[in-house]
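Structure at a glance
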Amino acid sequence: MVYAPVRPDRSLPPVLVNLFSDTQTRPSTAMKDAMMRAEVGDEQNGDDPGVNALCDRMAALTGKEAAVFLPTGTMCNQISLLVHTRRGDEILAHESSHIVGNEGGAPGALAGAVVLGLRGARGMFDSATMTAALREKRRNAPPQTLVAVEQTTNAGGGAVWPLALLNDVLGSAHRLGMKTHMDGARLMNAAVAAGVTAAAFSQHCDSVWLDFTKGLGAPVGAVLCGSAAFIDQAWRWKQRLGGSMRQAGICAAACLYALDHNVDRLAEDHANASALAAGLAGVPGLAVEEPETNLVFFDTRASGLTADTLAARVRQQGLSVSTVGIYRVRACTHLDVDADGVEAAVQIIAGAVRGA
Ligand SMILES: *Cc1c(COP(=O)(O)O)cnc(C)c1O
């Protein structure tokens with residue numbers, strides 16, 4: 001079995017509408033101009049002005065004392081687990097979460113922790129579910145030391161944890177003596193969709209991070225935030241894992257540009273996702289999940305097509321979507337897709353299903 005990324009198949013037509021992922025956005029000309037003008041220093045040495053400005057802004061945005069710039073969101077998650085847990089600890093997280101299924105088994109490989117997958121609709125769980133998963137404190141039970149949530153939930157459907165539910169779960173976790181972590185890959189999508197500030201969503205999080213390579217449209221980077229003591233320890237792991245950088249201000253400039261220009265416009269992505277879901281709801285054979293943000297999931301079972309077959313057919317028509325499971329397709333809106341693209345996507349998918 002070969003697990004390397006598959007190179008693009010040159011026999012396929014060009015992608016005209018890319019709903020595969022918001023990670024595939026290209027930096028705009030204006031963003032690249034900002035990168036060109038970046039003043040840079042040595043990030044590892046703490047004197048890159050752009051990185052420092054970005055970290056200050058992110059700490060303020062999330063209401064935390066400090067922040068650290070990292071190359072990827074995965075590294076933000078894993079460094080957080082490394083700081084919060086010890087080998088043999090158990091982490092409570094939704095069974096569909098990114099740390100469970102999409103990080104190469106890193107909680108076990110790096111922190112040496114195990115993850116107990118909790119169930120619940122839309123990638124979320126309530127404090128009753130969490131409490132039911134608690135173990136008696138015995139010498140032969142793993143210490144349960146961390147609760148991790150995703151805002152928005154990715155495989156859970158791009159859902160937004162309502163503030164009251166989030167506060168209840170994370171507040172309970174704290175009262176039970178556990179630490180709390182938020183995978184905020186799409187935290188600003190949640191903030192824009194719910195009209196709740198990132199700081200409010202982060203209030204009961206000991207660590208929280210934001211990805212700049214999703215809907216915010218930057219080419220590289222994520223920022224992890226927390227207390228000064230937490231960030232101090234995070235820096236040690238950043239160094240150990242090879243995540244310390246040099247003239248990273250070039251990348252930070254893109255992230256600062258994204259904070260200034262690409263946050264409010266996430267509402268357009270959400271409107272496009274709603275339009276896409278409404279259009280697909282009219283296609284017989286598809287069961288569409290109601291989107292809350294920029295991720296649209298639909299089930300193909302009743303159409304007689306598997307997700308992979310549908311994805312291959314629409315790809316022949318220049319539309320790229322991703323699949324998660326045998327019958328589940330994900331279509332993701334972002335700043336490189338407009339209303340016309342959404343309209344075209346509905347037509348292409350409807351045509352592929354009719355041809356079934
Ligand atoms: C994309 C994503 C990550 C990982 O981020 P990278 O920057 O791609 O490493 C983690 N969690 C969630 C929920 C994501 O969507």
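Computed from a predicted structure; not experimentally measured. (Residues numbered from 1 in each chain as written. Predicted model: local features only at pLDDT ≥ 70, side-chain atom pairs only at ≥ 80, totals over all residues. Heavy atoms only, no water.)

On to the domain arrangement of the chain, then. For the chain, the domain assignment lists domain 1 (17–26 + 265–354) and domain 2 (38–261). One C-alpha centre belongs to domain 1, the other to domain 2, and the line joining them spans 28 Å. Facing 18 residues of domain 1, the contacting portion of domain 2 comprises 21 residues. Between domain 1 and domain 2, a total of about 1,500 Å² is buried, with carbon and sulfur atoms accounting for 48% of that surface. Considering only the side of domain 1, the residues that lose the most area to domain 2 are Asp 22, Leu 266 and Glu 292, jointly responsible for 34% of the buried surface there. For Glu 292, the salt bridge identified is with Arg 122, shortest N-O distance 3.5 Å. Here domain 1 and domain 2 share nine residue pairs in polar contact (both at pLDDT 80 or more) between them. Per element, the largest residue contribution to the side of domain 1 that touches domain 2 is three residues, and it comes from helix α12 (residues 266–281). Considering only residue class, the side of domain 1 that touches domain 2 consists of five nonpolar, five polar and eight charged. (Domains from an automatic or database assignment. Contact = heavy atoms within 4.5 Å. Buried area = accessible area lost by both parts, 1.4 Å probe. Salt bridge = Lys/Arg side-chain N within 4 Å of Asp/Glu carboxyl O. Polar contact = N/O pair within 3.5 Å; in protein donor to acceptor, adjacent residues only side chain to side chain. Helix = DSSP H or I, 4+ residues; strand = E, 2+ residues; numbered from the N terminus. Nonpolar A, V, L, I, M, F, W, Y, C, P; charged D, E, K, R; others polar.)

A few words now on the nonpolar core. For soluble globular proteins, nonpolar side chains are generally found buried alongside one another. Within the largest apolar cluster, 54 residues are counted, with the highest numbers of intra-cluster contacts made by Leu 54, Met 58, Phe 69, Met 130 and Phe 212. With eight residues, helix α11 (residues 249–261) is the largest single contributor of residues to this core. Once residues lying within four places of it in the same chain are set aside, the contact partners of Phe 212 are Leu 54, Met 58, Gly 217, Ala 218, Gly 221, Ala 222, Val 223, Cys 255, Ala 258 and Leu 259. Among the nonpolar cores identified, the runner-up in size contains 28 residues, and Leu 276, Ala 277, Ala 345 and Val 346 belong to it. (Core = buried A, V, L, I, M, F, W, Y, C linked by side-chain atoms within 4.5 Å. Buried < 20%, exposed > 50% of the residue type's maximum accessible area, 1.4 Å probe, protein only.)

It is worth spelling out the packing of helix α1 (residues 29–36) against α11 at this point. Where α1 contacts α11, the axes come no closer than 8 Å and their chain directions differ by 135°. When the axes of α1 and α11 are compared, the pair comes out oblique. The hand of the α1/α11 crossing is right-handed. Here Ala 30, Met 31, Ala 34 and Met 35 of α1 come into contact with α11, specifically with Ile 250, Cys 251, Ala 253, Ala 254, Tyr 257 and Ala 258. Taken together, the residues of the contact of α1 with α11 break down into ten nonpolar, no polar and no charged. (Axes fitted to C-alpha atoms, helices over the stretch in contact; angles between N-to-C directions. Parallel < 35°, antiparallel > 145°, perpendicular 65-115°, else oblique. Left-handed = near helix turned anticlockwise from the far one by under 90°.)

Ordered by their spatial adjacency, seven strands build an open sheet running β2-β8-β7-β6-β5-β3-β4, and the pairing between neighbours is mixed. Looking at the sheet topology across the chains shown, the edges are occupied by β2 (66–70) and β4 (114–118). This sheet shows a mean twist of 20° between the axes of neighbouring strands, independent of strand direction. Examined bridge by bridge, β2 and strand β8 (residues 222–226) share five bridges and lie antiparallel to one another. By the bridge assignment for β8, Leu 70 is matched with Ala 222. Of the strands in this sheet, β2, β3 (90–94), β5 (144–150), β6 (179–184), β7 (207–211) and β8 are in contact with helix α3 (residues 73–84), which crosses β6 at around 175°. (Pairing = 2+ DSSP bridges.)

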